Amino acid sequence: ISDPIDKTCVDLLTSKGFTVDAKAKVPSKEELIEMIPNYDALLVRSSTKVTKDVLDAATNLKIIGRAGVGVDNIDVPAATAKGVMVMNTPGGNTTSTAELTFSLLMALSRNVVA
């Protein structure tokens, strides 16, 4: 896991038998290229950029998971050409988004200044 992520995610993966290496800070492109050959899977959020250079160095990578909507930070054509599956979680933040929207609507209707 190259981006900071909630401990719940790490605990879930560990409980399913996966060995998880969660980085405390987002690695630089050079650091990611150096470490990626050791991994079968990569879980990212928005900060990690998975470029063709990174994928070229990924000799064991089988899957990239994006914790969030969209995959604009992942070179999907390069991953596909290498046989690496790319997935995302488009509905992962739906509840939080709805909660924020309704809270802002209520604040607006009550003339609450934020």
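Look up: the structure comes first, before these words.
## Some words on unusual backbone geometry
And step 1. In this structure, Asn 111 is a non-glycine residue whose phi angle is positive, near 60°.
And step 2. As for its placement among the helices and strands, Asn 111 is situated in the segment after helix H5 (94–109).
And step 3. Assessed through its relative accessible area of 68%, Asn 111 is described here as exposed.

## Focus on H5
And step 1. Counted at 1.5 Å a residue, the expected span for H5 with its 16 residues is 22 Å, and the 23 Å between its end C-alpha atoms agrees.
And step 2. Looking one or two places after H5, you find Asn 111, whose phi comes out positive at around 60°.

## Digging into the nonpolar core
And step 1. In terms of nonpolar packing, the biggest core is built from 15 residues, with Ile 36, Leu 42, Val 44, Val 50, Leu 55, Leu 61 and Ile 64 touching the most fellow members.
And step 2. Mapped by element, the contributors of at least two residues to this core are strand S1 (41–44), helix H3 (52–57) and helix H4 (76–82).
And step 3. Broken down by element, this core gets its largest block of residues, 3 residues, from H3.

## Looking at the pattern of salt bridges
Note on pairing: side chains with opposite charge can pair once their charged atoms come close.
And step 1. Under the definition given, this model contains 5 salt bridges.
And step 2. The closest approach of N and O atoms between Lys 62 and Asp 40, which form a salt bridge, is 3.2 Å. Residue Lys 62 is found in the loop between H3 and strand S2 (63–66), and its partner Asp 40 is found in the loop between helix H2 (29–35) and S1; the two are separated by 22 residues along the sequence.

## Things to note about the environment of Ser 46
And step 1. Mapped onto the elements, Ser 46 comes out in the loop between S1 and H3.
And step 2. Separated by 27 residues in sequence, Ser 46 and Asn 73 place their C-alpha atoms 6.7 Å apart.
And step 3. When residues no more than four places from it in sequence are discounted, the contact partners of Ser 46 are Asp 3, Arg 66 and Asn 73.
And step 4. A distance of 3.3 Å separates a polar atom in the side chain of Ser 46 from a polar atom in the side chain of Arg 66.

## Things to note about the sheet that holds strand S3 (residues 85–88)
And step 1. The 3 strands are arranged S1-S2-S3 in an open sheet whose pairing can be described as parallel. This sheet does not close on itself; its edge strands, each paired only once, are S1 and S3. When strand polarity is set aside, the average angle formed by the axes of neighbouring strands in this sheet is 15°.
And step 2. Two elements, S2 and S3, share 4 bridges in a ladder whose sense is parallel. When the sheet's bridge partners are listed, Arg 66 is paired in S3 with Asn 88.

## Some points on the side chain of Arg 66
And step 1. For Arg 66, the position within the fold is in strand S2.
And step 2. The charged side chain of Arg 66 is buried without a salt bridge, its nearest counter-charge being Asp 72 at 4.7 Å.
And step 3. Residues in contact with Arg 66, not counting those within four places in the same chain, are Leu 43, Val 44, Arg 45, Ser 46, Val 71, Asn 73, Ile 74, Met 87, Asn 88 and Thr 89.

## Considering the environment of Val 44
And step 1. The residue Val 44 is located in strand S1 in this model.
And step 2. Discounting chain neighbours no more than four positions away, the residues touching Val 44 are Ser 2, Asp 3, Val 50, Ile 64, Gly 65, Arg 66, Ala 67, Asn 73 and Ile 74.

Calculation notes
- Residues numbered from 1 in each chain as written.
- Predicted model: local features only at pLDDT ≥ 70, side-chain atom pairs only at ≥ 80, totals over all residues.
- Heavy atoms only, no water.
- Helix = DSSP H or I, 4+ residues; strand = E, 2+ residues; numbered from the N terminus.
- Buried < 20%, exposed > 50% of the residue type's maximum accessible area, 1.4 Å probe, protein only.
- Expected span 1.5 Å × (residues − 1).
- Core = buried A, V, L, I, M, F, W, Y, C linked by side-chain atoms within 4.5 Å.
- Salt bridge = Lys/Arg side-chain N within 4 Å of Asp/Glu carboxyl O.
- Contact = heavy atoms within 4.5 Å.
- Polar contact = N/O pair within 3.5 Å; in protein donor to acceptor, adjacent residues only side chain to side chain.
- Pairing = 2+ DSSP bridges.
- Axes fitted to C-alpha atoms, helices over the stretch in contact; angles between N-to-C directions.
- Lys, Arg positive; Asp, Glu negative; His and termini not counted.

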